[in-house]
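Fold and geometry: a report
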Amino acid sequence: MKTYCSGGLLLAFALSVAVNQSFAQERDPRERRPRDEKGHKGGAQEYSIEQAVSDQAQLHTIAFNGLAFITGDFGADTFLPPGKVCDFFGFQYMRDIDAARKGHNPVFLDRIAGNVLHILNDEQRAAFAKAAHQDAGQLSSLAEKRLPLIKAFRRELDGDIPAGSKGLNKEAVKRYAGDIFAFDAELSFRRAQVFGQVAFSLTPEQKECLARMKFGDFNTWPDIDTDRYKLPGGTEKLVNVAYMTYASEFFSWYAGSIKADTYFCPERHGTYFGGFYMKDMPAMGKRNYDISTSVTGDSGKEFLNLLTQEQRRNITVIPDLQRKTLLAIIDVRRSIAAELRKFINGGQADEEKLLELGRRYGELDGEMSYYYATAFAKVNHALTGEQRKVLIKLRNLNGYVSAPAYIYSAPVKGEVKLPDTDCFFFQDVKPVLAAK
């Protein structure tokens, strides 16, 4: 029986992209648990991978995604910040531990990218520009590859499964997610190559300038006229987004560590359920908008509190189900980060090894996403009409209408055509014979 989707995807659309985009001692994150859910201490936000994988952080993030999925739609599910792909360069860690607490403000990326581009010379900036032009189409394809899987998850939620099927096939989901993350690893390999070339070409003066900017402290970064260094007007917006992303991530990688590169926030996995749309949409188009770092946990708690004990149990069992998988993800991410860092000193990473690691990473993400999708579907089928009304209020997005789909945060204009998604479901149920 074939349960694997080839990933062929036809999209009829025109893209219009408008995307927002300290060191700690190395330590195995399984050695200790976080101090508290938010991890705050003093001025800096003491987030850690220990906090990210804790049962409490995971449960409330999963619940937040459940709220988003049940109250949302396919278009909202496809929304994804571009920083959530190819994310092995320490930028998420630098955002989360920022001493100025500006990490989740749109000015954060622009400020650090502007400083990096100001320090680099024309040839070094041109290397980023060339990579952005080359990679934009591939980055778009990476986002497109997510859409069939998202559609299959929504079919499970709605009970729209193939006749005779018993629902989603976990192995089919894992294999397809493995393909997505292998592609992600391929793009990460190319990005690290460029970063390594630029790092190797830095002059002593440039290194000194970069050293004056503190990793994880927005207040140490001068206010630079970023627009001066952006690509010429008329450049495709996804190219511009990639260019600015490379500039910002170059700093977090160059000034960071394997610990920073390995780190992930609780929202990094299972990104197919609309949580980013529900959280980030109010910030879209606003230059100086601080996204609350507590909204995920707070809304997740409220969602769980609105459920009956039986409904809630579908979600509260997930931290136990996925615990070993999360620990395996830490190991895989650390291996990927270590391989990519070979470029920083003029070395060469093993691309084949990276693709294998990326595929394994995707299989792990797919396994957890399968748990989420099936749990959300069970909750959805058991909700009362009154519960649904309360959940819509908790969604708190009155007046927002999602696009048919998004490529990252860019609305797709036109019809979205997807391949048949039956291959994500069990197909081996024997037909029922008609009674004689």
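A few points on the structure. (Residues numbered from 1 in each chain as written. Predicted model: local features only at pLDDT ≥ 70, side-chain atom pairs only at ≥ 80, totals over all residues. Heavy atoms only, no water.)

When its secondary structure is counted, the chain shows 17 helices and five strands. Burial statistics for the chain: of 436 residues in total, 59% are counted as buried. (Helix = DSSP H or I, 4+ residues; strand = E, 2+ residues; numbered from the N terminus. Buried < 20%, exposed > 50% of the residue type's maximum accessible area, 1.4 Å probe, protein only.)

Counting 132 residues, the largest nonpolar core has Phe128 and Phe303 as its most contacted members. Of all the elements, helix α8 (residues 170–201) adds the most residues to this core, at 13 residues. Setting aside residues up to four positions removed in sequence, Phe128 forms contacts with Leu117, Leu120, Val194, Phe195, Val198, Tyr243, Tyr246, Ala247 and Phe250. (Core = buried A, V, L, I, M, F, W, Y, C linked by side-chain atoms within 4.5 Å. Contact = heavy atoms within 4.5 Å.)

Phi at Arg101 takes a positive value of approximately 55°, unusual for a residue other than glycine. In this model, Tyr408 sits at a positive phi of 60°, which is unusual for a non-glycine residue. As for its placement among the helices and strands, Tyr408 is situated in the loop between β3 (406–407) and β4 (410–413).

Among the secondary structure elements, Ala182 is positioned in helix α8. Looking at Ala182, the relative accessible area reads 7%, which means it is buried. Separated by 178 residues in sequence, Ala182 and Arg360 have C-alpha atoms that sit 8.0 Å apart. Not counting the four nearest positions on each side in its chain, Ala182 is found in contact with Leu355, Gly358 and Arg359.

Right, let's get into the packing of aromatic side chains. Within the structure shown, the criterion is met by 31 aromatic pairs. Seen from their ring centres, Phe89 and Phe195 are 5.2 Å apart, and the 75° between their planes marks the pair as edge-to-face. Highlighted residues: Phe89 in the loop between α3 (74–78) and α4 (91–96) and Phe195 in helix α8, separated in sequence by 106 residues. We note that Phe89, like Phe195, is buried. Among the aromatic residues, those joined into a cluster by ring pairs are Phe89, Phe128, Phe195, Tyr246, Phe250, Trp253 and Tyr254. Lys151 extends its terminal NZ or CZ atom over the ring of Phe74, reaching a point 5.9 Å from the ring centre. (Phe/Tyr/Trp six-rings, centres within 6.5 Å; stacked < 30°, edge-to-face > 60°. Lys NZ or Arg CZ within 6 Å of the ring centre and 35° of its normal.)

Here we take up the pattern of salt bridges. This structure, assessed with the given rule, holds 22 salt bridges. As a salt-bridge pair, Arg111 and Asp223 come within 3.7 Å of each other at their nearest N and O atoms. Here Arg111 is found in helix α5 (residues 107–119), whereas its partner Asp223 is found in the loop between α9 (204–212) and α10 (237–254), with 112 residues between them in sequence. The class of Arg111 is buried, set by a relative accessible area of 17%. We note a salt bridge from Arg334 to Asp331, for which the minimum N-O separation is 3.3 Å. With Arg334 and Asp331 both in helix α15 (residues 318–340) and three residues apart, the pair spans about one turn of that helix. Using a relative accessible area of 27% as the deciding quantity, one classes Arg334 as partly exposed. According to the relative accessible area criterion, Asp331 is partly exposed, its value standing at 28%. Taken together, the shared-partner salt bridges in this structure form one network comprising Asp55, Asp320 and Arg323. (Salt bridge = Lys/Arg side-chain N within 4 Å of Asp/Glu carboxyl O.)

Turning our eyes to something else, we now look at the packing of α8 against α10. Between two packed helices, what matters for the description is the angle formed by their axes and the separation of those axes. Between α8 and α10, the least distance of the axes is 10 Å, while the angle of their chain directions is 70°. As summarised for this structure, α8 and α10 are arranged roughly perpendicular, according to the angle between their axes. Note that α8 runs across α10; the crossing there is right-handed. Here Arg191, Ala192, Phe195, Gly196, Val198 and Ala199 of α8 lie close against α10, whose contacting residues are Thr245, Tyr246, Glu249, Phe250, Trp253 and Tyr254. (Axes fitted to C-alpha atoms, helices over the stretch in contact; angles between N-to-C directions. Parallel < 35°, antiparallel > 145°, perpendicular 65-115°, else oblique. Left-handed = near helix turned anticlockwise from the far one by under 90°.)

It is at 10 Å that the axes of α15 and helix α16 (residues 351–382) come closest, and there the two elements cross at 160°. As summarised for this structure, α15 and α16 are arranged roughly antiparallel, according to the angle between their axes. Here α15 and α16 pass one another in a crossing that is left-handed.

One ladder, built from two bridges, connects β3 with β4; its direction is antiparallel. Bridge pairing in β4 places Tyr406 opposite Pro411. In textbook terms, the turn of a hairpin is the stretch between consecutive antiparallel strands, and for β3 and β4 this stretch comprises two residues, one of which, Tyr408, has a positive phi near 60°. (Pairing = 2+ DSSP bridges.)

Taken together, the side chains of Asp350, Glu351, Glu352 and Glu356 define an acidic patch exposed on the protein surface. For Glu356, the location among the structural elements is in helix α16. (Patch = residues over 30% accessible without salt bridge, like charges linked within 9 Å, V, L, I, M, F, W, Y side chains within 5 Å. Areas by Shrake-Rupley, 256 points an atom, 1.4 Å probe, with all protein chains shown as cover. Lys, Arg positive; Asp, Glu negative; His and termini not counted. Charge placed at Lys NZ, Arg CZ, Asp CG, Glu CD.)

With respect to the secondary-structure elements, Thr235 resides in the loop between α9 and α10. Residue Thr235 is classed as buried on the basis of its relative accessible area of 16%. From its side chain, Thr235 meets the backbone oxygen of Pro232 in a polar contact 2.6 Å long. (Polar contact = N/O pair within 3.5 Å; in protein donor to acceptor, adjacent residues only side chain to side chain.)

The next subject is the environment of Asp227. Along the chain, Asp227 turns up in the loop between α9 and α10. Residue Asp227 is classed as exposed on the basis of its relative accessible area, which comes to 55%. C-alpha separation for the pair Asp227 and Gly114, spaced 113 residues apart in sequence, amounts to 8.0 Å.

Mapped onto the fold, Arg333 is located in helix α15. The class of Arg333 is buried, set by a relative accessible area of 0%. Polar side-chain contacts of Arg333 include one of 2.9 Å to the backbone oxygen of Asp87. Not counting the four nearest positions on each side in its chain, Arg333 is found in contact with Asp87, Phe88, Asp261, Thr262, Tyr263, Phe264, Arg268 and Tyr361.

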